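Spelled out, the chains give:
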Amino acid sequence: VVEHASAWPDVLQVCRYFIAHPRPDLYARELPVPVGTKFIEERRALFRSLLDFLLPTEAVRRDSDHFETRFGLRYDEALIRWRVLDPALLPRLGLPVADLSAPFSQFQTLPWRELRVVIVENKMTFLTLPALSGAIAIWGGGNAATLLPDAPWLHACDLCYWGDLDAHGLNILARLRRAWPRLAPVMMDVETFDRFTAYQVEAKPAPTEPAGPLDEPELRLYRRLQTQNLLLEQEKIPHAYAVERLRNALA
C-alpha cells in the first residue's frame, strides 16, 4: 500500500470493476475504468496479489500463471496455422480454403474428430507437405507444439510428429507423448539419421533427460544425439524420401 500510495485510489477502482465484472473477456486496455491504458499492465504483480484475494474461486484460473488467462482477460494469443492436405475434407470440415490460422482459444474449440494430423516444426516443410488422404497438417513452430495438448478435439484424432532429428526434436516428441502416448514419430529414427550423414551439423546443447516418455530405440538415439551434439534438420531430408515415408506412416 505504501509503495503504491499515489495510485491507490485507481488501484481500488480496478479492483471494484473486477469484483463487479469477474472474467470480463476484454483486453486490459479496454476496461471501462478511468485509468491510464497501461495502468494494469505495469502493475500485474500487484493486481495478481489483490485479485487472488478479492475474487471468488470460480473467477480465478489458479492453475495458470499467465495474468490474462488467470483473470479472464483477452490477450494477443498465439496463432495456430494448419493446412488441409486432403481437398475432400474441405466440405466436411466446413472450410472455404485449405491454409488457415486462428487464435489458439478458437482453434481448441473446433468440433472435429477422427482426422489424421501431422505436426511439423519447420514452416517450409509444413508448406511442402504432399496431399495425404484424410489428413491435416499443423505447424508446430514457436510454442505452438506446447499448446496443442490443450485442444480437446486432437485427442480424438490419429497424430504423428515430424521434427528435427536432434535431442531437442526428440524432447518435443517426448513432451507431446505426455498428452498422446500413442503419438507416432515420422523420420525421427536411426535409419533416417544415418542415411543423411552429409547433412548433419552441430546442434545446441540439450537437456540431460527427455521431458516425457520415449521408447527404447528413441531413448538410445536421444542419448547418442545428445552426446555427439549433432542435428539433422527436417528440411534437409530430400523431398521425395520424406513424401514416401509420410505416406507409408499414414497408410
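The model shown is predicted, which means the values in this text are computed figures rather than measured ones.

**Overview of the overall build of the protein chain**
Next, step 1: Scanning the protein chain for helices and strands turns up 11 helices and 8 strands.
Next, step 2: Relative to its length of 251 residues, the protein chain is extended, with a C-alpha radius of gyration of 23 Å against a globular reference of 18 Å.
Next, step 3: Taken along its principal axes, the extent of the C-alpha atoms in the protein chain is 65 × 45 × 25 Å.
Next, step 4: A total of 251 residues make up the protein chain; the buried ones form 46% of that total.
Next, step 5: Put simply, of all contacts in the protein chain between residues at least 6 apart along the chain, 68% involve residues at least 24 apart.

**Quick notes on the packing of helix 1 (residues 8–20) against helix 2 (residues 44–54)**
Next, step 1: Taken N-terminus to C-terminus, the directions of helix 1 and helix 2 make an angle of 45 degrees; their axes are 11 Å apart at the nearest point. Between helix 1 and helix 2, the angle is such that the two are oblique. With respect to the hand of their crossing, helix 1 and helix 2 are arranged in right-handed fashion. Residues Trp8, Val11, Val14, Cys15, Phe18 and Ile19 of helix 1 form the contact with helix 2, whose own contacting residues are Leu46, Phe47, Leu50, Leu51 and Leu54.
Next, step 2: For the contact of helix 1 with helix 2, the per-class residue count stands at 11 nonpolar, no polar and no charged.

**A closer look at the sheet that holds strand 4 (residues 135–139)**
Next, step 1: Read from one edge to the other, the open sheet built from 6 strands follows the order 2-1-4-3-5-6, with strand pairing classed as mixed. Looking at the sheet topology across the chains shown, the edges are occupied by strand 2 (99–103) and strand 6 (184–185).
Next, step 2: Here strand 5 (residues 158–162) runs beside strand 6; their pairing, made up of 2 bridges, is parallel. If you follow Cys160 over to strand 6, its bridge partner there is Ala184.

**Here's the deal with the nonpolar core**
Next, step 1: In terms of nonpolar packing, the biggest core is built from 61 residues, with Trp82, Phe107, Ile136 and Trp153 touching the most fellow members.
Next, step 2: When residues in this core are grouped by element, the largest group, 6 residues, is from helix 8 (residues 167–179).
Next, step 3: Among the nonpolar cores identified, the runner-up in size contains 22 residues, and Cys15, Ala28, Val33 and Leu73 belong to it.

**Examining the pattern of salt bridges**
Next, step 1: For the structure shown, the criterion picks out 15 salt bridges.
Next, step 2: Residue Arg74 is joined to Asp25 by a salt bridge in which the shortest nitrogen-to-oxygen separation is 3.3 Å. On the criterion of sequence distance, the pair formed by Arg74 in the loop between helix 3 (67–71) and strand 1 (79–84) and Asp25 in the loop between helix 1 and helix 2 is long-range, its members being 49 residues apart.
Next, step 3: Overall, the relative accessible area of 40% leaves Arg74 in the partly exposed class.
Next, step 4: Residue Asp25 is classed as partly exposed on the basis of its relative accessible area, which comes to 44%.

Calculation criteria
Residues numbered from 1 in each chain as written. Predicted model: local features only at pLDDT ≥ 70, side-chain atom pairs only at ≥ 80, totals over all residues. Heavy atoms only, no water. Helix = DSSP H or I, 4+ residues; strand = E, 2+ residues; numbered from the N terminus. Rg over C-alpha atoms; globule rule 2.2 N^0.38 Å. Buried < 20%, exposed > 50% of the residue type's maximum accessible area, 1.4 Å probe, protein only. Contact = heavy atoms within 4.5 Å. Axes fitted to C-alpha atoms, helices over the stretch in contact; angles between N-to-C directions. Parallel < 35°, antiparallel > 145°, perpendicular 65-115°, else oblique. Left-handed = near helix turned anticlockwise from the far one by under 90°. Nonpolar A, V, L, I, M, F, W, Y, C, P; charged D, E, K, R; others polar. Pairing = 2+ DSSP bridges. Core = buried A, V, L, I, M, F, W, Y, C linked by side-chain atoms within 4.5 Å. Salt bridge = Lys/Arg side-chain N within 4 Å of Asp/Glu carboxyl O.

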